[in-house]
Amino acid sequence: MIADSSSDPRLERALASLRGLAVGDALGAQFFVPANYPLLKRREVPPGPWPWTDDTEMASSVLSVLARHGRIDQDALARSFATHHDEGRGYGPAVSRLLQSLEGGGDWRQLASAMFKGQGSWGNGAAMRVAPLGAWYADDPEQATHQAEISAYPTHQHREGVVGSMAVAAAAALAAAPSGPPTPEALLDGVIALIPRSAVGAALRRARDMLDYGDATTVAAVLGCGRRTSAHDTVPFALWSAARGLGDFQRAFWVTAQVGGDMDTTCAIVGGVVASGRGGLGSEPPELWRERTEKLPDWIPVEVG
Ligand SMILES: [Mg+2]
């Protein structure tokens, strides 16, 4: 079944967010290529094509499950992650092993809770894939946060991994609010109010206090920018950058990429949140960037155009 996104505003918003996420992911990943380092300094893009990574592959599963079920069905989501898992897309080793076990018939409930000696994963993987879900639930940020929590569990069960996902979904929902884009302060205040007490939440409060900093490098040094690929060293900086970049996709991308760290993931989060917004054309990735980004997977049950 191929759904027509123009007949469903939820799907249309989620697809816009996924496109932004894919461009952020694919272009961010380009700057791990040493030949492209000088381009990053000059804010120039490399020639295409830019393949996307695990961030887009998993986000495509999130969107597919929403399009088919109208909400997050955890078993369907786990199945989609496992079926479409392509090891060459840069998955972390622990998630790759988990998805292979799922493909072999394992139960995500046991496998995901047993990770990291029973603590579950606090990686940024549940956060990196969830912005389109937030866009889907733009008229109900609380439901966005709740569904994000559910969507994390098949792979990430540590509190920080789950809350990181909730925070990104909340941000995408608030950015796409029917009342129009929030101010940077209102966006982060809104996210903080929607998530439980956690290291992610504490760092988001610090990010809120640093919104007037002009120097992203300092902010990234304080908050982290994904070098440890944990939710709490990825999500606060990414949402700081997204909050300041609503309505200006290009600027948000460069500010995020130029501090380094886990660039495909920080830029996927920022791209997904900014592109879910209603800031007009500035919220969308430039046409040239979209053309150079690998097309979304053909198994998404949506006419992607
Ligand atoms: Mg990636």
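Preceding this section is the structure that the text describes.
Residues numbered from 1 in each chain as written. Predicted model: local features only at pLDDT ≥ 70, side-chain atom pairs only at ≥ 80, totals over all residues. Heavy atoms only, no water.

Time to look at the coordination of the magnesium ion. Taken together, Thr53 (OG1), Asp54 (OD), Asp55 (OD) and Asp264 (OD) make up the full set of protein donors to the magnesium ion, lying 2.0 to 2.3 Å away. Read in sequence order, the donor residues coordinating the magnesium ion give the pattern T-D-D-x208-D. One end of the pair, Thr53, is in the loop between helix H2 (37-42) and helix H3 (54-69); the other, Asp264, is in helix H16 (residues 263-276), and 211 residues separate them in sequence. In this structure, Thr53 and Asp264 share a single accessibility class: buried. (Donors = N, O, S within 2.8 Å, 3.2 Å for Na, K, Ca; no water. Helix = DSSP H or I, 4+ residues; strand = E, 2+ residues; numbered from the N terminus. Buried < 20%, exposed > 50% of the residue type's maximum accessible area, 1.4 Å probe, protein only.)

Across the interface, helix H10 (residues 159-175) lies against H16 with an axial gap of 7 Å and an inter-helix angle of 25°. Taken as axis vectors, H10 and H16 run roughly parallel relative to one another. Handedness of the H10/H16 crossing: right-handed. Residues Val168, Ala171, Ala172 and Ala175 of H10 form the contact with H16, whose participating residues are Ile269, Val273 and Ser276. Class assignment of the residues belonging to the contact of H10 with H16 gives a composition of six nonpolar, one polar and no charged. (Axes fitted to C-alpha atoms, helices over the stretch in contact; angles between N-to-C directions. Parallel < 35°, antiparallel > 145°, perpendicular 65-115°, else oblique. Left-handed = near helix turned anticlockwise from the far one by under 90°. Contact = heavy atoms within 4.5 Å. Nonpolar A, V, L, I, M, F, W, Y, C, P; charged D, E, K, R; others polar.)

With that settled, the discussion passes to the pattern of salt bridges. Within this structure, the stated rule accounts for ten salt bridges. The salt bridge partner of Glu44 is Arg42, with a shortest N-O separation of 3.2 Å. Asp107 is the partner of Arg109 in a salt bridge, and the nearest nitrogen-oxygen pair spans 3.9 Å. A relative accessible area of 40% places Arg109 in the partly exposed class. Note on Asp107: relative accessible area 32%, which makes it partly exposed. (Salt bridge = Lys/Arg side-chain N within 4 Å of Asp/Glu carboxyl O.)

We describe a pair of aromatic rings using the distance from one ring centre to the other and the angle between the two ring planes. Scanning the entire structure with this criterion turns up seven aromatic pairs. Measuring from centroid to centroid gives 5.1 Å for Phe253 and Trp254, while their planes differ by 80°, and the two rings are edge-to-face. Judged by relative accessible area, Phe253 falls into the buried class, the value being 3%. Ring centres of Phe253 and Trp289 lie 5.5 Å apart, and the angle between their planes is 75°; this geometry places the pair in the edge-to-face category. Of this pair, Phe253 sits in helix H15 (residues 249-257) while Trp289 sits in helix H17 (residues 287-292), placing them 36 residues apart in sequence. Take Phe253 and Trp289: they sit in the same class, and that class is buried. One aromatic cluster is present, formed by Phe31, Phe249, Phe253, Trp254 and Trp289 through successive ring pairs. The ring of Trp52 carries Arg89 above its face, with NZ or CZ at 3.8 Å from the centroid. (Phe/Tyr/Trp six-rings, centres within 6.5 Å; stacked < 30°, edge-to-face > 60°. Lys NZ or Arg CZ within 6 Å of the ring centre and 35° of its normal.)

Function cannot be inferred from these measures alone, as they are strictly geometric.
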